[in-house]
Amino acid sequence: MKTAGQIRQMKGQAKVAMLTVYDYPTACILDRCDLDILFVGDTLGQVELGFKRTSAVTIEMMLHHLGAVRRGVGETHLLADMPYQSYAKPQRALQNARKLLDAGADSVKLEGAHDKIVAHLVDRGIDVVGHVGLLPQTARRYVRQGTKEKSAERILKQAVRLAQAGCYAVVLEHMPSKLAREITEAVLVPTIGIGAGPDCDGQVLVVNDMLGLFEHAPYYVKRYANLFETILKAGEVFGQDVKSGSYPSEEFYDRVIKRRG
Ligand code: KIV
């Protein structure tokens, strides 16, 4: 497993590959994939629990899913999201970050220009990832950020301050690739992009999107599988088999398992 320090040192040396994960079986599989970071993101709320917004996610929900993921992950750095409002004040941030670490996270991520909170956590030995650009916990609309000069400048400054405050990496979400490139050149820690073009130091995707679990995904997602089709077909065929009586056929019942020896 890579430590936060080792991931930080990947800057300029190797790309950082990160995927979200929310449950035990997926964690068991992804832990074998030689990824650098597995991430229990608060997208949990949308892609696993069916909420409209990530702000519906509570620390209890995060702890529940993080525990399941931890039981499946042994080889990969495990990052956990701090949910909406859980890091609004330094003391609350520290308490909640410690809860996530106690539940098995190796480090935590928070959204937005909270460099003072980051410094508070880092000073107390907690490894933190920052996140700028589109901030789903508070965004009114899920649109590309930093498309105008002023907002691009603001986002760049936020990323620089987060890195200076001690973040070991910064996620850049949904912004023009030119801005992501400028941020990547300006900070000394890896940038991990999602919808931020090819010049980041690494890339992250929501696993449900890249596995094609939904009919639709954001334009920047490459679908590495089509689980929507696979599950749909499997469910339909199972239903037909049960109704026609073709399942279970003989091979699936009354099998005598012979003991060895
Ligand atoms: O919660 C999440 O999945 C995220 C990714 C979009 C990076 O923050």
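Residue positions are counted from 1 within each chain, in the order its sequence is given. For a predicted model such as this one, the threshold for reporting local features is a pLDDT of at least 70, and the threshold for listing and counting side-chain atom pairs is 80 or more; totals across whole chains, interfaces and linings nevertheless cover every residue. For the side-chain quantities, the full set of heavy atoms in the structure was used; hydrogens and water were omitted.

Things to note about the domain arrangement of the protein chain
Alright, step 1. Domain delimitation follows an automatic or database domain assignment. When cut into domains, the protein chain gives domain 1 (4-225) and domain 2 (230-260).
Alright, step 2. Centre-to-centre separation of domain 1 and domain 2, based on C-alpha positions: 41 Å.

Quick look at the pairing of strand 3 (residues 77-81)
Alright, step 1. Partly exposed residues are those whose accessible area sits between 20% and 50% of the maximum for their type, while under 20% is buried and over 50% is exposed, using a 1.4 Å probe and protein chains only. Helix and strand definitions follow DSSP, with helices as H or I runs of at least four residues and strands as E runs of at least two, each counted in order from the N terminus. The element strand 3 is extensively covered by neighbouring structure, given that five of its five residues are classed as buried.
Alright, step 2. Side chains His77, Leu79 and Asp81 project from strand 3 onto one buried face, and the interleaved Leu78 and Ala80 project onto a second face that is buried too.
Alright, step 3. Any two strands between which DSSP finds at least two bridges are classified as paired. As paired strands, strand 2 (residues 37-40) and strand 3 are joined by four bridges and run parallel to one another. Following the sheet pairing, leucine 38 is matched in strand 3 by leucine 78.
Alright, step 4. Pairing of strand 3 with strand 4 (residues 107-109) involves three bridges; the strand directions are parallel. Paired with leucine 79 across the strands is serine 107, a residue of strand 4.
Alright, step 5. As for the winding sense of the linkage, the β-α-β connection from strand 3 through helix 5 (residues 90-102) to strand 4 is right-handed. Convention used here: a crossover is right-handed provided that the path from the first strand, over the helix, to the second strand proceeds clockwise when the strands point away from the viewer.

Describing the packing of aromatic side chains
Alright, step 1. Side-chain rings of Phe, Tyr and Trp (the six-membered ring for Trp) are treated as a pair once their centres are within 6.5 Å; stacked means planes under 30 degrees apart, edge-to-face means over 60, and tilted covers the remaining angles. By the definition in use, this model includes three aromatic pairs.
Alright, step 2. Ring centres of tyrosine 219 and tyrosine 220 lie 5.4 Å apart, and the angle between their planes is 80°; on these two criteria the pair is classed as edge-to-face.
Alright, step 3. Ring centres of tyrosine 247 and phenylalanine 252 lie 5.4 Å apart, and the angle between their planes is 55°; on these two criteria the pair is classed as tilted.
Alright, step 4. Accessibility expressed as a relative area gives 37% for tyrosine 247, which makes it partly exposed.
Alright, step 5. Clustering of aromatic rings is evident, with ring pairs tying together Phe238, Tyr247 and Phe252.

Some points on the site of the ligand
Alright, step 1. Each residue is tested against the molecule or strand, and it is near if at least one of its non-hydrogen atoms lies within 4 Å. Close to the ligand lie Thr20, Phe39, Gly41, Asp42, Thr43, Asp81, Lys109, His131, Glu173 and Ile194, which account for all nearby residues.
Alright, step 2. Think of a polar contact as two N or O atoms within 3.5 Å of one another; within protein, one of them needs to be a possible hydrogen donor and the other a possible acceptor, and neighboring residues in sequence only count if both atoms come from side chains. Measuring from an oxygen atom of the ligand, one finds a side-chain N or O atom of lysine 109 at 3.2 Å.
Alright, step 3. With residues, only the protein chains shown are counted as cover, and all accessible areas are computed by Shrake-Rupley using a 1.4 Å probe. Contact with the protein chains removes 97% of the 260 Å² of surface that the ligand exposes when unbound.
Alright, step 4. Gly falls in the polar group here, along with every residue not listed as nonpolar (Ala, Val, Leu, Ile, Met, Phe, Trp, Tyr, Cys, Pro) or charged (Asp, Glu, Lys, Arg). Residues that form the shell around the ligand fall into these classes: two nonpolar, four polar and four charged.

Considerations on the environment of aspartate 241
Alright, step 1. The residue aspartate 241 is located in helix 10 (residues 227-244) in this model.
Alright, step 2. By relative accessible area, which is 26% here, aspartate 241 ends up partly exposed.
Alright, step 3. Spatially, the C-alpha atoms of aspartate 241 and methionine 10 are 51 Å apart, while their sequence positions differ by 231 residues.
Alright, step 4. Once residues lying within four places of it in the same chain are set aside, the contact partners of aspartate 241 are Ser246 and Tyr247. For this analysis, residues touch if any pair of their heavy atoms sits within 4.5 Å.

Quick notes on the pattern of salt bridges
Alright, step 1. We count a salt bridge whenever a side-chain nitrogen from Lys or Arg sits within 4 Å of a carboxyl oxygen from Asp or Glu. Scanning the entire structure with this criterion turns up seven salt bridges.
Alright, step 2. Between aspartate 201 and lysine 11 there is a salt bridge, with the nearest N and O atoms lying 2.8 Å from each other. Residue aspartate 201 is found in the loop between strand 7 (191-194) and strand 8 (202-205), and its partner lysine 11 is found in the loop between helix 1 (4-8) and strand 1 (16-20); the two are separated by 190 residues along the sequence.
Alright, step 3. Across the salt bridge formed by aspartate 199 and arginine 181, the nearest N and O atoms sit 2.9 Å from each other. Here the residue aspartate 199 occupies a position in the loop between strand 7 and strand 8, and arginine 181 occupies one in helix 8 (residues 177-186), the gap between them amounting to 18 residues.
Alright, step 4. We classify arginine 181 as partly exposed; its relative accessible area is 35%.

Points about helix 6 (residues 115-123)
Alright, step 1. Those residues of helix 6 lying buried are Ile117, Val118, His120 and Leu121. One side of helix 6 carries all its buried residues, which in axial view fall inside an arc of 160°. Residues Lys116 and Asp123 are exposed on helix 6 and point more than 90 degrees away from its buried face.
Alright, step 2. Taken together, the buried residues of helix 6 touch helix 5, strand 4, strand 5 (128-133) and helix 7 (149-165).
Alright, step 3. Of the residues flanking the end of helix 6, it is glycine 125, one or two places downstream, whose phi is positive at about 85°. The directions considered for the arc run from the helix axis to the C-beta atoms.

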